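Report on the structure
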Amino acid sequence: MSDADAETEPIDVDFGEDGLVPAVAQDADSGEVLMLAYVSPEALSRTRETGEAHYYSRSREELWHKGDTSGHTQTVREVRVDCDADTLLYLVDQEGGACHTGHRSCFHRTIDGEHVGERVFDPDEVY
């Protein structure tokens, strides 16, 4: 029997000891990786209820809706879970930039410091 023939059952996400899983946000059309953040059970529930990305801020220790401050929201087309059920992939339509530095993607530099990403907004005007 192939995976496609298997019955569909909800996946129990393994939120681990700290109650969080990493989530990669990826542009649903281009495949560009936009950011990585952490998700709590509540953040996942809110994402599924609203269709917009919600995460958990480890530094602020609170739930956050992507775009509340900037207006640069992520509409989630699909949530995928990895084989170990301990990492999520959000396939999104990104409005504006994903990165708080004003770039489309948080991955806008090489390890050598070369700037390779597109800046799409001025963070001084947004935050």
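Because the structure is a prediction, the values reported are computed rather than measured. (Residues numbered from 1 in each chain as written. Predicted model: local features only at pLDDT ≥ 70, side-chain atom pairs only at ≥ 80, totals over all residues. Heavy atoms only, no water.)

Some points on the UniProt feature "binding site: Zn(2+)" (unreviewed entry) in the chain
- UniProt tags Cys83, Cys99 and Cys106 as "binding site: Zn(2+)" (unreviewed entry). These residues run over 24 residues, and the two farthest C-alpha atoms among them are 27.4 Å apart, placing them at more than one spot. Those annotated residues lining the largest pocket are, specifically, Cys99 and Cys106.
- Along the chain, the position of cysteine 99 falls in the loop between β6 (88-94) and α2 (123-126).
- Take cysteine 106: it is sitting in the loop between β6 and α2.
- Sequence-distant contacts of cysteine 106, defined by excluding residues within four places in its chain, comprise Leu34, Met35, Ala98 and Cys99. (UniProt positions renumbered as here; feature names shortened; annotations may be inferred. 1 Å grid on protein atoms, 1.4 Å probe; cavity = no way out; pocket = protein on both sides within 12 Å on 5 of 7 lines; lining within 4 Å. Helix = DSSP H or I, 4+ residues; strand = E, 2+ residues; numbered from the N terminus. Contact = heavy atoms within 4.5 Å.)

Considering the layout of surface pockets
- Empty space within the largest pocket amounts to approximately 590 Å³.
- Lining the largest pocket are 22 residues, and of these Met35, Arg60, Trp64, Lys66 and His100 sit closest to its centre.
- Mapped onto the lining of the largest pocket, the elements with two or more residues apiece are β2 (33-39), β3 (54-57) and β4 (62-65).
- Of all the elements, β2 adds the most residues to the lining of the largest pocket, at 4 residues.
- In the lining of the largest pocket, the residues fall into 11 nonpolar, 7 polar and 4 charged.
- By volume, the second largest pocket amounts to about 360 Å³.
- As for the second largest pocket, its lining consists of Glu7, Thr8, Glu9, Pro10, Ile11, Val13, Leu44, Arg48, Val79, Arg80, Val81 and Leu88.
- When residues of the lining of the second largest pocket are traced back to their parent elements, those giving at least two are α1 (41-50) and β5 (74-81).
- It is β5 that provides the largest number of residues to the lining of the second largest pocket, a total of 3 residues. (Points joined across faces, edges and corners; volume = space filled by probe spheres on them. Nonpolar A, V, L, I, M, F, W, Y, C, P; charged D, E, K, R; others polar.)

Some details on the UniProt feature "domain: Phosphoribosyl-AMP cyclohydrolase" (unreviewed entry) in the chain
- Cross-referencing UniProt, the feature "domain: Phosphoribosyl-AMP cyclohydrolase" (unreviewed entry) maps to residues 35-108 in the present numbering.
- Structurally, residues 35-108 is divided into 14% helix and 38% strand, and its ends, taken at the C-alpha atoms, are 10 Å apart.

Observations concerning the environment of serine 45
- Of note, serine 45 is situated in helix α1.
- Residue classification places serine 45 among the partly exposed residues on the basis of a relative accessible area of 32%. (Buried < 20%, exposed > 50% of the residue type's maximum accessible area, 1.4 Å probe, protein only.)

Re a nonpolar patch on the surface
- On the surface, Val33, Leu36 and Phe107 cluster together into a nonpolar patch covering about 270 Å² of accessible area.
- Looking at the secondary structure, you find valine 33 in strand β2. (Patch = residues over 30% accessible without salt bridge, like charges linked within 9 Å, V, L, I, M, F, W, Y side chains within 5 Å. Areas by Shrake-Rupley, 256 points an atom, 1.4 Å probe, with all protein chains shown as cover. Salt bridge = Lys/Arg side-chain N within 4 Å of Asp/Glu carboxyl O.)

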